[in-house]
Amino acid sequence: VDPDLNLVKGGGGALFREKLVEVCAEKFIVIVDESKLCDGLGPGFPLPVEIVPFCHEHTMRKVAALPTVAGCKAQLRMGSAATGSKPDGDEIAVTDNGNYIVDLFFEEPIKDAKAAADELMATVGVVDHGLFCGMTSAVIIAGSDGISVKEA
């Protein structure tokens, strides 16, 4: 969760369905522990991008070359879609929707999460991505000093 309450979700492979549920909700309240807070999205958790299987290698190259995610390492998720970015098998991971997931690994924070979200969605072959920008109503944080709430 960044200072603007943007976040990355979808490590379990259901990012498209998670996002559909959240856009249908009146409020989207996120519960995290303080280890999930960051100054910028990217380095702490890979960004999943759901793509269609047809021409997936082309789509993966296009995604990795986008200016807003420059410097990322794109890796096709292998094994179970639900295990996150750590490979646990030799087969390409398939989402509940029959699509593939490309995990984007960053060494530096994404400079503009909203711009990256828009650019990813404008890429042919991309179904959705794990950037949840401007969707969070509040974040409940469990920390060493107790519980705190940040509201949008």
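See the structure above.
Residues numbered from 1 in each chain as written. Predicted model: local features only at pLDDT ≥ 70, side-chain atom pairs only at ≥ 80, totals over all residues. Heavy atoms only, no water.

*Asks:* When you look at the side chain of lysine 19 in this model, what are you seeing that I'm missing?
*Replies:* Within the secondary structure layout, lysine 19 lies in helix 1 (residues 15–24). By relative accessible area, which is 11% here, lysine 19 ends up buried. (Helix = DSSP H or I, 4+ residues; strand = E, 2+ residues; numbered from the N terminus. Buried < 20%, exposed > 50% of the residue type's maximum accessible area, 1.4 Å probe, protein only.)

*Asks:* Explain the sheet that holds strand 6 (residues 126–129) to me, please; I cannot follow it from the model alone.
*Replies:* Two strands in a sheet stick together by hydrogen bonds in their backbones, pointing the same way (parallel) or opposite ways (antiparallel). Taken in spatial order, the four strands of this open sheet run 4-5-3-6, and their pairing is antiparallel. Each edge of the sheet is formed by a strand with only one pairing partner; in this case those strands are strand 4 (73–76) and strand 6. Across the sheet, the axes of successive neighbouring strands diverge by a mean angle of 25°, strand direction being ignored. Pairing geometry for strand 3 (residues 47–51) and strand 6, over three bridges, is antiparallel. When the bridges of strand 6 are listed, isoleucine 51 appears paired with valine 126. Across the sheet, helix 2 (residues 56–64) is in contact with strand 3, strand 4, strand 5 (100–105) and strand 6; its angle to strand 4 comes to roughly 155°. Relative to the sheet, helix 3 (residues 113–121) contacts strand 3 and strand 6, its axis offset from that of strand 6 by approximately 160°. (Pairing = 2+ DSSP bridges. Axes fitted to C-alpha atoms, helices over the stretch in contact; angles between N-to-C directions. Contact = heavy atoms within 4.5 Å.)

*Asks:* Could you clarify how one ought to interpret the nonpolar core in this entry?
*Replies:* In globular proteins that are soluble, nonpolar side chains generally tend to be buried together. One finds Leu47, Leu104 and Leu131 to be the most contacted residues of the largest nonpolar core, which totals 22 residues. Elements represented by at least two residues in this core include exactly strand 3, strand 5 and helix 3. Broken down by element, the residue count for this core peaks at four residues, all from helix 3. The residues touching leucine 131, leaving out its near neighbours within four places in the chain, are Leu7, Val8, Lys19, Leu41, Leu47, Ile110, Ala113, Ala116, Ala117 and Leu120. One finds Leu5, Leu7, Phe28 and Val32 within the second-largest nonpolar core, a separate group that totals nine residues. (Core = buried A, V, L, I, M, F, W, Y, C linked by side-chain atoms within 4.5 Å.)

*Asks:* Looking at this structure, how should I read unusual backbone geometry?
*Replies:* Peptide bonds are, in most cases, trans, and in most cases residues other than glycine have a negative phi. Even without being a glycine, leucine 5 presents a positive backbone phi close to 65°. Here leucine 5 is to be found in the segment before strand 1 (7–8). You can call leucine 5 buried: its relative accessible area is 6%. Backbone geometry at cysteine 55 places phi at a positive 60°, although glycine is not the residue there. In this structure, cysteine 55 sits in the loop between strand 3 and helix 2.

*Asks:* Looking at this structure, how should I read the pairing of strand 8 (residues 138–143)?
*Replies:* Two faces belong to every sheet, and in a regular strand the side chains alternate between them. Summarising the sheet, strand 2 (residues 29–33) and strand 8 pair through five bridges and their orientation is parallel. Residue pairing across strands places valine 30 opposite valine 139, the latter belonging to strand 8. Sheet analysis places strand 8 next to strand 9 (residues 146–151), joined by six bridges and oriented antiparallel. Across the sheet, residue isoleucine 140 finds its bridge partner in strand 9, namely valine 149. Hairpin connection between strand 8 and strand 9: a loop of two residues separates the two successive antiparallel strands.

*Asks:* Just to check I follow, could you spell out the environment of lysine 86 for this structure?
*Replies:* As for its placement among the helices and strands, lysine 86 is situated in the loop between strand 4 and strand 5. Overall, lysine 86 belongs to the exposed group, its relative accessible area being 65%.

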